Structures are given as C-alpha cells and as structure tokens.
Amino acid sequence: MDAHHQVDLRRTRRLNAKPDRPGTVVYWMSRDQRSMHNWALLFACMKSNELGRPLEVVFTLAGSFLGASRRHYDFMFKGLAETESALRRLGIPLTVLTGDPGVTLPAYAIEQTGAGAVVTDFSPLRLPRSWKTRVAEALPCALYEVDAHNIVPAWLASTKQEYAARTIRPKLHALAPAFLTPFPEPEARFQPSAIDRPPVHWEQLGGWPRQDPPDGSSDLLLPGQQAGEERLRQFIGQGLEGYAVRRNDPNSGCVSRLSPYLHFGQLSAQHVALSVAGSPAAAENREAFIEELFIRRELADNFCLNNDRYDHLDGMPEWARSTLANHGQDRREHLYTVEQFEHAETHDPLWNAAQTELVRTGLMHGYLRMYWAKKILEWSPSPTSAFEIAIVLNDRYALDGRDPNGYTGIAWSIAGLHDRPWFERPVYGKIRYMNASGCARKFDVVRYIRRMTDLGLAGIGW
Ligand code: FAD
Ligand code: FO1
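Quick caveat: nothing in here was measured; it's all calculated off a predicted structure.

Undergrad: I'd like a rundown of the domain arrangement of the chain, residues and numbers included.
TA: On domain assignment, one finds that the chain holds domain 1 (3-149), domain 2 (151-184 + 224-308) and domain 3 (313-457). The interface of domain 2 with domain 3 comprises 23 residues on the first partner and 24 residues on the second. Approximately 1900 Å² of surface area, both sides summed, lies buried where domain 2 meets domain 3, with 60% of it carried by carbon and sulfur atoms. Among the residues domain 2 hides against domain 3, the three largest losses belong to Pro-250, Asn-251 and His-263. Together they make up 33% of the total. Summed over the shared surface of domain 2 and domain 3, the number is zero salt bridges. Put simply, the parts of the chain that give the side of domain 2 that touches domain 3 at least two residues each are helix H9 (259-263) and helix H11 (283-306). Looking at which element gives the most residues to the side of domain 2 that touches domain 3, the answer is H11, with seven residues.

Undergrad: Talk me through the site of ligand 1; I want residue IDs and the actual numbers.
TA: In the vicinity of ligand 1, 25 residues are found, and the nearest of them are Tyr-243, Ser-256, Arg-257, Asn-394 and Asp-400. Tyr-243 places a polar side-chain atom, nitrogen or oxygen, 2.6 Å from an oxygen atom of ligand 1. Within the backbone of Leu-293, an N or O atom sits 3.4 Å from an oxygen atom of ligand 1. For ligand 1, the accessible surface in isolation is 830 Å², of which the surrounding protein chains cover 90%. Listed by contribution, the elements that provide at least two residues to the shell around ligand 1 are H9, H11, helix H15 (366-378) and helix H17 (404-415).

Undergrad: Please set out the site of ligand 2 residue by residue, giving values where relevant.
TA: Surrounding ligand 2, one finds 19 residues, the nearest of these being Ser-30, Thr-60, Ala-62, Ser-123 and His-263. Residue Ser-30 places a side-chain N or O atom 2.7 Å away from an oxygen atom belonging to ligand 2. Between Thr-60 and ligand 2, the recorded distance is 2.8 Å, taken from a backbone N or O atom to a nitrogen atom. Considered on its own, ligand 2 offers 510 Å² of accessible surface; in the complex 100% of this is hidden by protein. The pocket occupied by ligand 2, as judged from atoms lying within 2 Å of grid points, is the largest cavity. For the shell around ligand 2, the secondary structure elements donating two or more residues are strand S3 (55-61) and helix H4 (126-138).

Undergrad: Break down the packing of helix H10 (residues 269-277) against H11 for me, with residues and values.
TA: With their axes 10 Å apart at the nearest point, H10 and H11 run at an angle of 165 degrees to one another. By the angle between their axes, H10 is roughly antiparallel relative to H11. In the crossing of H10 with H11, the sense of the turn from one axis to the other is left-handed. Packed against H10, whose contacting residues are Ala-269, Val-272, Ala-273, Val-276 and Ala-277, the element H11 presents Arg-286, Phe-289, Ile-290, Leu-293 and Arg-297 at the interface. By residue class, the composition of the contact of H10 with H11 is eight nonpolar, no polar and two charged.

Undergrad: Describe unusual backbone geometry, listing the residues and the values that go with them.
TA: A positive phi angle, close to 55 degrees, is found at Arg-402, a residue other than glycine. With respect to the helices, strands and loops of the structure, Arg-402 is situated in the loop between helix H16 (383-397) and H17. The exposure class assigned to Arg-402 is buried, which follows from its relative accessible area of 3%. Backbone geometry places His-418, a non-glycine residue, at a positive phi of 60 degrees. Assignment of secondary structure puts His-418 in the loop between H17 and helix H18 (436-442). With relative accessibility at 10%, the residue His-418 sits in the buried group.

Undergrad: Which residues make up the environment of Val-152, and what values go with them?
TA: Residue placement: Val-152 occurs in the loop between strand S6 (142-146) and helix H5 (154-157). For Val-152, a relative accessible area of 0% translates into the label buried. Separated by 248 residues in the primary sequence, Val-152 and Asp-400 place their C-alpha atoms 21 Å from one another.

About the thresholds
Sequence order as written defines the numbering, with residues in each chain counted from 1. To read the labels, note that chains go from A and ligands from 1, taken in the order they are written. In keeping with the model being predicted, local features are shown solely for residues with a pLDDT of at least 70 and side-chain atom pairs are shown and tallied solely at 80 or more, while totals for entire chains, interfaces and linings include all residues. Calculated side-chain values reflect all of the structure's heavy atoms, with hydrogen atoms and water omitted. An automatic or database domain assignment supplies the start and end points of every domain. Any pair of residues with heavy atoms lying within 4.5 Å of one another is described as a contacting pair. Put simply, buried area is the surface a 1.4 Å probe can reach on two separate parts but cannot reach once they are joined, added for both. For this analysis, a salt bridge means a side-chain nitrogen from Lys or Arg found within 4 Å of a carboxyl oxygen belonging to Asp or Glu. Segments assigned H or I by DSSP are reported as helices when at least four residues long, segments assigned E as strands when at least two residues long, and all are numbered from the N terminus. A single heavy atom is enough: if one lies within 4 Å of a molecule or strand, its residue is considered near that molecule or strand. N or O atoms closer than or at 3.5 Å make up a polar contact, with two conditions inside protein: a donor-capable atom paired with an acceptor-capable one, and, for residues adjacent in sequence, both atoms drawn from side chains. Using a 1.4 Å probe, accessible areas were evaluated by the Shrake-Rupley method; residue-level cover was limited to the displayed protein chains. Only protein atoms enter the 1 Å grid, on which a cavity is a set of points fitting a 1.4 Å probe that cannot get out and a pocket is an open set with protein on both sides within 12 Å along at least 5 of 7 lines, lining residues being those with an atom within 4 Å of a point. More than half of a molecule's atoms within 2 Å of the grid points is what it takes for that molecule to sit in a cavity or pocket. Interaxial angle, 0 to 180 degrees, is taken between N-to-C directions of lines fitted to C-alpha atoms, where a helix line uses only the stretch in contact. Here is the rule for angles: anything less than 35 degrees is roughly parallel, anything more than 145 is roughly antiparallel, 65 through 115 is roughly perpendicular, and the remaining ranges are oblique. Left-handed describes a crossing in which the near helix is turned anticlockwise from the far one by less than a right angle; the clockwise case is right-handed. When residues are sorted by character, Ala, Val, Leu, Ile, Met, Phe, Trp, Tyr, Cys and Pro go into the nonpolar class, Asp, Glu, Lys and Arg into the charged class, and all the rest, Gly among them, into the polar class. Burial classes: relative accessible area under 20% of the type maximum marks a residue as buried, over 50% as exposed, and values in between as partly exposed (1.4 Å probe, protein chains only).

Structure representation (structure tokens):
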C-alpha cells in the first residue's frame, strides 16, 4: 500500500479556485505537528509525486497565540524539533517563519519556493481560519485543506451545529467504516527529489512569550510524538482496563492524559482510536474511551466550525442564555476576582486543589474540569464574566488549552451547550448543577486534595 492510493479525497477540500502549477509542494503545518499518521502530509506527498516536484514543510510561528505561554511553546517546539528530524530522514525539510502567517506564508511560497500547491491541515478556530482566508487569496496556486485531526472530516460529519452527542453520534458511526481505516505503510515516501534547507535553531527563535504565568511549574508531561506513543502504550497497558467504571475518579489513574499530544497534533486521534480498538481491553472500556476520543472530541470541532461565537455567551443556546439572564441578579454567596481564582484563593479546598493541579501540571482531571467551570459560574458577578475567566485560565495554564474541546467543555459547563435544562436553582437557573458532595459520592475528595496540596508536585504522579 502506498500513500498515493490511500488518501480519501473527501478528507481534502480546496480553499481557493487556483490551479496546481509546476513548483514545490508546501505543507503548511499548523494543528497536526507530526510526521506519522498525518493525512495532510500524505496528501502533500501525493501532490508532490503528481507534480513531480519536491515537498517541504513550513510552520508559521504566530507570535502570541491565543494566550499561550512559555509552557505551551516549550511543549510545541520540542515536539516540532522531533518532527523536523523525522521529516529530514524522509528527505523533507521543515522551515519556521516568524510573523503574521497571512503575510509570511504566501511571501515564502512565492519568493523562496515558487510553490506549485500548498496543503494545510484543518482547524475550526477563527484565528487559523482567518490566516487561511488571506493565504488562499495571496497565493498564485491552489491551497488545499486536509482534515488530519478528525477521524471523520468535520465538514462531512455534519454541515450544521449539532444539538448534542446523541445527534452527531449516528452520523459519525455511519461514516466510521470508511474513515477509521489503517494508515498506509510505509507512510510518506516517493517525493521525487529533496530540497536543501537549513535546520531550524529552535532555541534562537524569537517572537513568542518567554514568560511562564506565575506559580507555573516546569514539571510537565514530556512532549513529542515518541513520548505520546509511550503514554498511549502505558495507558493501554494500565489505565484503559478501568476506563468505563473509574474514569471519573481523579485518583484512579484510569484516564489517558493524551489531550496535550492530541491538541498539538503530536498524536493522531485516528491512530489512538485504532490502537485502543485493537487492544485486548474489555469492550466496555474500549467503547467508553472511543466515545470520548471520537464522538465528544469531534462534536467539539463541529460546534466551533459551525458557530463563530464558540467562546462567547451570546453563541450559546437560547434556553441557556435566557435562564442565566433570569438569574443575573441572584445573590452570589461568594464572589472572586480572576486573580483570586488564578491563585486558588477560594473558600473551597476542592476547587483550590483542582486549580492547583492545573497550574502545577498543566492538566486537570476531566471530571473536575466540569466542577471547576461550574463553580466559576456560581462565584462570578455574571455568566459573561464567568465564561471569560474560565477561558482565560484554561488557555493560560492547560497544556491542551486553546482547543475546540476547551471552548466546548466550558460552554457545556457554564452555558448548557449540548445539554438540556435541569431543575431551576439560584444563579445557575436551569443549567446543570454540581457540588462538592456530589464529587464526594464519586471519589475520595480528601485524598485528591491532599495529593494536590500537602504532597506538592512530587505526589501528583498518577
Ligand atoms: P481521556 O478521558 O483519556 O479521553 C481521551 C481523549 O478524548 C481526550 O484526550 C480528548 O481528546 C477526548 N475527550 C475526553 N473527554 C472529552 C470531552 N468532554 N470533550 C471532548 N473531548 C474529550 N479538552 C481539551 O482537549 N482541551 C481543553 O482545553 C479542555 N478544556 C475543558 C474545559 C472544561 C471546563 C471541560 C468540562 C472539559 C474540557 N476538556 C478539554 C475536555 C476533557 O475534559 C479533556 O479532553 C480530558 O479531560 C483530557 O484528559 P485525558 O486526555 O486524560 O482524557
Ligand atoms: N499553530 C500555528 O500554526 N502557529 C503557531 O504559532 C501556533 C502556536 C500555538 C501555541 C499554543 C497552542 O496551544 C497551539 C498553537 N498552534 C500554533 C497550534 C494550532 O494552531 C492550534 O492548536 C489549533 O488551531 C487548534 O485548533
């Protein structure tokens, strides 16, 4: 099998009406920062063979990206450096351009490569979409977009904003047999000739924020494709078997912690899904995991792709905005500023422990993320400010922040997205409520708090 015949063209779409020309093929890598299991790279490879021209990869470093801080750039650069080496072994150079991608990418493609076709990966977020609109316009050749992130291409799964998991699930399951297929082996090959480009000096790259936020830690997950593969292997060996029953217990170690690798595209969700599906774990665990990785994750891309206001209260369902407005004047028992939230200075030890986990490790367990966001709603002056605070803190500290999953998770917790009205209560209105005693029924809250606070970082190992 070779890449030539393996890329389903429904994974690709044109972003302008310009033709391919004789010239280098550029893969403008953004969301899918890996050399393996990458349909955008495979399609670019296919184009390069078709045109008989070399292939090169370009990453546009966009200065400050949606509140990202040093921990994110460190994670991203280490992963990209590994990808650069792997690509070089395939005869494909990787170049980094610094500045506004809407300007730097077309200038490079025209002046340095005489590009014949440009291929990029897909993101539903507004910022990368706005870069692409400008690049599509400025290029003299075709710009193709390939959904290398989702198992089912987001534009094929559904053309409208879905109501909930229950409405997108049958659509995704119907398309899964066509798309949840193995990757060709070997993957990227056959590009006709290599071009010579200087290696990237990652440590010398400028134009990104070097500061970590206060209280940050450097003891984070190991970045990169290989570290992601290792984590996947460990999870399949040790955590997956408890996933269906114990995933909501933050002390159990039964979640994958793969989200940072998936966010930066250091791992392919399709590869993860195939690995889990082929594992010896019990069906209930495989199915529960694939429900999150496939259905919930692709529902989040569907939401951001089809709702430009994915990160604002005014983009939320009508019933939720109206119930929150009805309770806008309700008395809040506690009110905190963004700084108090940030420094884990609330009256609630469980909330503070969850915030500490986020700040120290760049991760927060998924069950606590819901509790964390709902309490921000309860203790903020308005739902609008709660929405903003949750996004700022998530994007500043979470290694997987600035992701459709994050905007969707916050919208679900605070503004009823993909959920239904519940019993009415103060502040929340009909938004689903959560409290600490509910958490205590699910897991050993005291143990979790002790792990996050008393034991400090050394005790946070899962
Ligand atoms: P696992 O349970 O091992 O799941 C495997 C994968 O499935 C995850 O890596 C993720 O890609 C996907 N997944 C799991 N749960 C969800 C979900 N609820 N929605 C969509 N995809 C899911 N996820 C992010 O990737 N980035 C974020 O910034 C983010 N912020 C969130 C904020 C809030 C308030 C909430 C409620 C959820 C947020 N999520 C976010 C979704 C989810 O909590 C995380 O994806 C999950 O906790 C990551 O841990 P894991 O990899 O161990 O998950
Ligand atoms: N993608 C880029 O193409 N250029 C960047 O400079 C860049 C920075 C960046 C920083 C943090 C982060 O979490 C992601 C970042 N990405 C960058 C990746 C990518 O654009 C996003 O992950 C997706 O758009 C999310 O859908």
